[in-house]
Amino acid sequence: MTEQEMLQALSKMLDAQKQELSSMMDEKISSAEQRIMKGVSVLMDAEFKPRFDLLSEELETIKDRLPVADILDELQDELAAYRLTLRKHGREIQALQKAVNN
């Protein structure tokens, strides 16, 4: 076997080992990624789920305290009526004050 043939054979062996190592590294990286993602998922569930549950409960409490739309409409109508009455009384008071001052 010539020196050139030996170098080519060695090059092919190194290429094969390089591909094998690359394949092994890809598998290990993929496995590590899966373990990491599983760990992150477990951590997120443990960390965020109780907080989201608490937030959901607080939102329900706030929602329960909000007035019903019908009641809110009634209150707005009453407020509008009070404002009209207040304006009317203000004009009447001004008219009475003018009458007293004249």
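Below you will find a few notes about this structure. (Residues numbered from 1 in each chain as written. Predicted model: local features only at pLDDT ≥ 70, side-chain atom pairs only at ≥ 80, totals over all residues. Heavy atoms only, no water.)

Across its full length, the protein chain carries 2 helices and 0 strands. Scaling as 2.2 N^0.38, a compact globule of 102 residues should have a C-alpha radius of gyration of about 13 Å, whereas the protein chain reaches 41 Å, well beyond that. Along the longest, intermediate and shortest principal axes, the C-alpha atoms of the protein chain span 135 × 30 × 20 Å. Taking all 102 residues of the protein chain together, the buried fraction comes to 0%. Looking at the protein chain as shown, the accessible area adds up to about 10,000 Å², and 60% of this sits on carbon and sulfur atoms. Side-chain charges in the protein chain split into 14 positive and 20 negative, and the spacing between the mean points of these groups amounts to 10 Å. (Helix = DSSP H or I, 4+ residues; strand = E, 2+ residues; numbered from the N terminus. Rg over C-alpha atoms; globule rule 2.2 N^0.38 Å. Buried < 20%, exposed > 50% of the residue type's maximum accessible area, 1.4 Å probe, protein only. Areas by Shrake-Rupley, 256 points an atom, 1.4 Å probe, with all protein chains shown as cover. Lys, Arg positive; Asp, Glu negative; His and termini not counted. Charge placed at Lys NZ, Arg CZ, Asp CG, Glu CD.)

Counted by the stated rule, this structure contains 1 aromatic pair. Taking the centre distance of 6.4 Å and the plane angle of 45° together, the rings of F48 and F52 count as tilted. On the criterion of helical spacing, the pair formed by F48 and F52 is a turn pair, its members being 4 residues apart in helix 1 (residues 3–65). On the accessibility criterion, F48 (37% relative accessible area) is partly exposed. By relative accessible area, which is 55% here, F52 ends up exposed. (Phe/Tyr/Trp six-rings, centres within 6.5 Å; stacked < 30°, edge-to-face > 60°.)

Let us look at a negative patch on the surface. On the surface, D70, D73, E74, D77 and E78 cluster together into a negatively charged patch. As for its position among the elements, E78 is in helix 2 (residues 69–101). For E78, a relative accessible area of 40% corresponds to the partly exposed category. (Patch = residues over 30% accessible without salt bridge, like charges linked within 9 Å, V, L, I, M, F, W, Y side chains within 5 Å. Salt bridge = Lys/Arg side-chain N within 4 Å of Asp/Glu carboxyl O.)

Here we take up helix 1. Here helix 1 contains 63 residues, and its C-alpha end-to-end distance of 89 Å stays within 8% of the 93 Å for a straight helix at 1.5 Å per residue. The largest bend along helix 1 measures about 35° and falls at F48, with the proline P50 one to four residues further on. (Expected span 1.5 Å × (residues − 1). Bend = angle between axes of the 7 residues up to and from the residue.)

Glancing now at a nonpolar patch on the surface. A contiguous nonpolar patch, built from I36, M37, V40, M44, F48, F52, L55, L59, I62 and L66 and spanning about 990 Å² of accessible area, is present on the exposed surface. Tracing the backbone through its elements, the reader meets V40 in helix 1.

Inspection of the secondary structure assignment puts I93 in helix 2. Since its relative accessible area comes to 47%, I93 is described here as partly exposed. Between the C-alpha atoms of I93 and L59, which are 34 residues apart in sequence, the distance is 47 Å.

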